[in-house]
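# Secondary and tertiary structure notes
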Amino acid sequence: MDRFEFKLKTDQMKTYIEQGEAKKAAELADTINWKKIKMVSALCLAGEAYEKADRFEESKELLLMAYDRSPVGRNIIYRLAIVAVKAGKIEEAEEFYEEFVNIAANDNIRFLLKFQIYKGKGASVKELIQILEEYKELESSERWSYELASLYHTAGMAEKCVELCDELVLWYGEGKYVEKALELKLLYQPLNQVQEVTYKQIRQNREGTLEIHSDEMFESGEIVTKSLVIPKVEFSAPSFFFVAGMFICSLSLSIYTEEWNINIHAGTFWLIFGGV
């Protein structure tokens, strides 16, 4: 396989992964002899494809090949640990975790790796909360803030759950985890006015529609009697309105030329009318 064909395949693999087509990405990876590949990024990409397709042994094999070519690659060790957790090999994951900590003792991602391992071990909700709280003190992340809020909900810690949901929405303002946080808060109390607007906007951006329920008041004071769905409106191009306006003006000019005592050369009139 030449370099051009290899690049085409890896680019297509990346596209499949981004589109959630992990199985297709893995099948494409099957067509490449990875033992001949020295590019670490490509090996990691194929490892990701196999991981997302739940082919953990192939993923591990390629990630180890990548690590052999880049022994200081802490991100590769992190991925190896995650693959081991997904494969149910917790002891192996813990070994990779220890290696990760030795390489990057101050990297905050160690808390996320520890969380994944403890979750795989079936640790208590209290233990999982403690790990994510430690991580949150050092670094902010909408995904892991939502995960922590969900754990608060599971543990029956309603006040902390709502407080963290409010914080997440305030800091990030949009996205799937903001939407999830708003829906999680709704389990305990209504959204405030700003959050209602945020939630509707997120839904509209994703679905292309805005749903208005019968218990929502319009500014005029009118209450609808059933739910409505308002689609996004596509406006015609400005050139349409220009042409239509010129046509109407030309038509009026032809009708009222004598009544309004307008002197216009016939050639000029037909030039205007014909231009429309």
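Just so it is clear, the model here is predicted, and its values are computed rather than measured. (Residues numbered from 1 in each chain as written. Predicted model: local features only at pLDDT ≥ 70, side-chain atom pairs only at ≥ 80, totals over all residues. Heavy atoms only, no water.)

For the rest of this paragraph, the subject is the packing of helix 1 (residues 3–18) against helix 2 (residues 22–29). Where helix 1 meets helix 2, the closest approach of the two axes is 7 Å, and the angle between their N-to-C directions is 160°. Between helix 1 and helix 2, the angle is such that the two are roughly antiparallel. Crossing geometry of helix 1 relative to helix 2 is assigned as left-handed. When helix 1 is examined against helix 2, the residues Lys-9, Gln-12, Met-13, Tyr-16 and Ile-17 are found in contact with a partner set consisting of Ala-22, Lys-24, Ala-25, Leu-28 and Ala-29. (Axes fitted to C-alpha atoms, helices over the stretch in contact; angles between N-to-C directions. Helix = DSSP H or I, 4+ residues; strand = E, 2+ residues; numbered from the N terminus. Parallel < 35°, antiparallel > 145°, perpendicular 65-115°, else oblique. Left-handed = near helix turned anticlockwise from the far one by under 90°. Contact = heavy atoms within 4.5 Å.)

As a further point, take the pattern of salt bridges. Considering all chains together, one arrives at 14 salt bridges under this definition. For Lys-7, the salt bridge goes to Asp-11, with nearest N and O atoms at 2.8 Å. With Lys-7 and Asp-11 both in helix 1, this residue pair falls four residues apart, about one helical turn. Of the residues examined, Asp-11 reaches a relative accessible area of 33% and is grouped as partly exposed. Salt-bridge contacts for Lys-89 lead to Glu-57; the nearest nitrogen and oxygen are separated by 2.5 Å. With Lys-89 in the loop between helix 5 (74–86) and helix 6 (90–103) and Glu-57 in helix 4 (residues 56–69), this pair connects stretches of sequence that are 32 residues apart. Take Glu-57: its relative accessible area is 45%, and that puts it in the partly exposed class. One network of salt bridges, with partners in common, ties together Asp-30, Arg-55 and Glu-58. (Salt bridge = Lys/Arg side-chain N within 4 Å of Asp/Glu carboxyl O. Buried < 20%, exposed > 50% of the residue type's maximum accessible area, 1.4 Å probe, protein only.)

Residues with a pLDDT of 70 or more make up 74% of the protein, whose mean pLDDT is 82. In this model residues 210–238 is a low-confidence stretch, pLDDT under 50, and it forms 34 contacts with partners more than four residues away in sequence or in other chains. (pLDDT = per-residue confidence, 0-100.)

Quick look at the side chain of Gln-195 now. Within the secondary structure layout, Gln-195 lies in helix 12 (residues 193–207). For Gln-195, a relative accessible area of 6% translates into the label buried. A polar side-chain atom of Gln-195 sits 2.8 Å from a polar atom in the side chain of Asp-166. Other than its neighbours up to four places away in sequence, Gln-195 contacts Asp-166, Val-169, Leu-182 and Lys-185. (Polar contact = N/O pair within 3.5 Å; in protein donor to acceptor, adjacent residues only side chain to side chain.)

Now for the packing of helix 3 (residues 40–52) against helix 5. Where helix 3 meets helix 5, the axes come as close as 11 Å, and the angle between the chain directions of the two elements is 15°. On the basis of the axis angle, helix 3 is roughly parallel to helix 5. By crossing handedness, the relation of helix 3 to helix 5 is classed as left-handed. Within the contact between the two elements, helix 3 uses Val-40, Cys-44 and Glu-51 and helix 5 uses Ile-76, Arg-79, Ile-82, Val-83 and Lys-86. When the residues that make up the contact of helix 3 with helix 5 are grouped by side-chain class, the tally is five nonpolar, no polar and three charged. (Nonpolar A, V, L, I, M, F, W, Y, C, P; charged D, E, K, R; others polar.)

Between its first and last C-alpha, helix 8 (residues 125–138) extends 21 Å over 14 residues, near the 20 Å set by a 1.5 Å rise per residue. Looking at the buried positions of helix 8, the neighbouring elements they touch are helix 7 (109–121) and helix 9 (142–154). (Expected span 1.5 Å × (residues − 1).)

According to the stated counting rule, one finds four aromatic pairs in the structure shown. Here Tyr-146 and Tyr-177 contribute two aromatic rings whose centre-to-centre distance is 6.1 Å and whose plane-to-plane angle is 45°, an arrangement assigned as tilted. Here Tyr-146, found in helix 9, pairs with Tyr-177, found in helix 11 (residues 176–185); they are 31 residues apart in sequence, far enough to count as distant. Over the face of the ring belonging to Tyr-118 we find Lys-121, whose NZ or CZ atom lies 4.8 Å from the ring centre. (Phe/Tyr/Trp six-rings, centres within 6.5 Å; stacked < 30°, edge-to-face > 60°. Lys NZ or Arg CZ within 6 Å of the ring centre and 35° of its normal.)

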